[in-house]
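# Chain and residue survey
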Amino acid sequence: MPLDLKQLKPTVVSKDLKGKFVFIYGAPKIGKTTLAVNFPRNLLLGVEHGYNAIDNIMAVDVPNWKTFKEYVKQLERDEDLKEQYDTITIDTIGLLYERCTKYICDREDVDKVGDIPFGAGYGMIDREFETEVRKITQVMTKDGRTAYGLCLIGHEKVRIDTDGQTSYKYISPDVPERCAKIINRMVDITAYIGMENGTRYIYPRQFSIEEGKQVTEIYAGSHFANLNSKIELGYEQLVDAIAEAMQTDSKGSKRKLSDAPVSVQVEEKVDYRKLITNIKKVVVKLSNADQEFDEGESPHMNAYRAITERYLGKGKLVKECNESQADMLDLIYNDLVDYMKDNNIT
């Protein structure tokens, strides 16, 4: 039911980074992940296993797109998780886009995205990627708050040009252009982490550095118009700079780091043959449940077809899948199990 627009109150932007969406990028070992895990009550989704040297964080590995979708589903549905975590970090977002690309290729049973007819694969990837990542930003708590902030981590890409006298160094995120466009639509801040004269800084706005005959141009941007273009590296320093940019009088308290140990979960390998058997069993149960309805009515089998087409594409059948599509079958099976629970089918 829509909100009563007469009852709306002005939005209040918090001083800290709760509920904000940030993209940070930079060179390896510069401090990107260390900065990210200091965001409030952070859960790190490690697409790239780059957190071995960081103590006292909550982290899980994301070896493939199927696993990412399953974690997103948990974050959407579990009310306890909405209270446990304030920020979800994805490290790295470029590698996650690659995982999504492989998922689409497996789903369409092709070796590369260009093999999908009429160039349709690129749009499939973009829609799948943006839909799932945006789900994290759209989760709400029972009292109407944005449940999670989002921190995306990426690597840097460097391009060197020269006019014969001056060398120009252009630094930007190392992600595919299509992925970059999706990120830009989503985040409040795109910030580069780099080093200048031995000190590490956050650059949350477009910035130029001139050193003799070399000019360095840094790609960055922010929704906060008055945000400083260079901030000493650190979570509190970034929070304070945002607060100053918003010209707020609220003081805000410093976040205390959690003493919780690293929590890493390793996913078991998907058993293709077992999945086929389990899905067949579910189909039998759904078909039997449809016997309660009038002849010609089969709502449960219709739901089954809708779930399979969601992952395999229109007109595709489970029996046509091969072992490379086991991840899709696992997602189908999990959704079918949820459907049976929701409809009291045993």
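Criteria and thresholds
- Residues numbered from 1 in each chain as written.
- Predicted model: local features only at pLDDT ≥ 70, side-chain atom pairs only at ≥ 80, totals over all residues.
- Heavy atoms only, no water.
- Pairing = 2+ DSSP bridges.
- Helix = DSSP H or I, 4+ residues; strand = E, 2+ residues; numbered from the N terminus.
- Core = buried A, V, L, I, M, F, W, Y, C linked by side-chain atoms within 4.5 Å.
- Buried < 20%, exposed > 50% of the residue type's maximum accessible area, 1.4 Å probe, protein only.
- Contact = heavy atoms within 4.5 Å.
- Phe/Tyr/Trp six-rings, centres within 6.5 Å; stacked < 30°, edge-to-face > 60°.
- Lys NZ or Arg CZ within 6 Å of the ring centre and 35° of its normal.

A few words now on the pairing of strand β10 (residues 214–218). Every other side chain in a regular strand lies on the same face of the sheet, so the side chains alternate between the two faces. Here five bridges tie strand β6 (residues 167–173) to β10, and the two strands are oriented parallel to one another. From the neighbouring strand, tyrosine 170 faces β10, where its bridge partner is glutamate 217. In the sheet, strand β9 (residues 207–211) pairs with β10 via five bridges, with the strands oriented antiparallel. Looking across to β10, one finds that glutamate 211 is bridged to glutamine 214. The loop that links β9 with its antiparallel partner β10 comprises two residues; one of these, glycine 212, has a positive phi angle of about 65°.

Formed by 74 residues in total, the largest nonpolar core has its most connected members in Phe68, Ile90, Leu96 and Phe129. For this core, the element with the most residues is helix α10 (residues 326–342), which contributes eight residues. Setting aside residues up to four positions removed in sequence, phenylalanine 68 forms contacts with Leu45, Val62, Ile90, Leu96, Glu132, Val133 and Ile136. Counting 23 residues, the second-largest nonpolar core is a separate cluster that includes Ile193, Leu227, Tyr235 and Leu238.

A separate point is the packing of aromatic side chains. In this structure the tally under the stated criterion is nine aromatic pairs. Taking the centre distance of 5.1 Å and the plane angle of 40° together, the rings of tyrosine 203 and phenylalanine 207 count as tilted. Comparing tyrosine 203 with phenylalanine 207 shows no difference in burial state: the two are buried. Taken together, the ring pairs in this structure connect Phe23, Tyr25, Tyr192, Tyr201, Tyr203 and Phe207 into an aromatic cluster. Positioned above the aromatic ring of tyrosine 201 is the side chain of lysine 230, whose terminal nitrogen or guanidinium carbon lies 4.7 Å from the ring centre.

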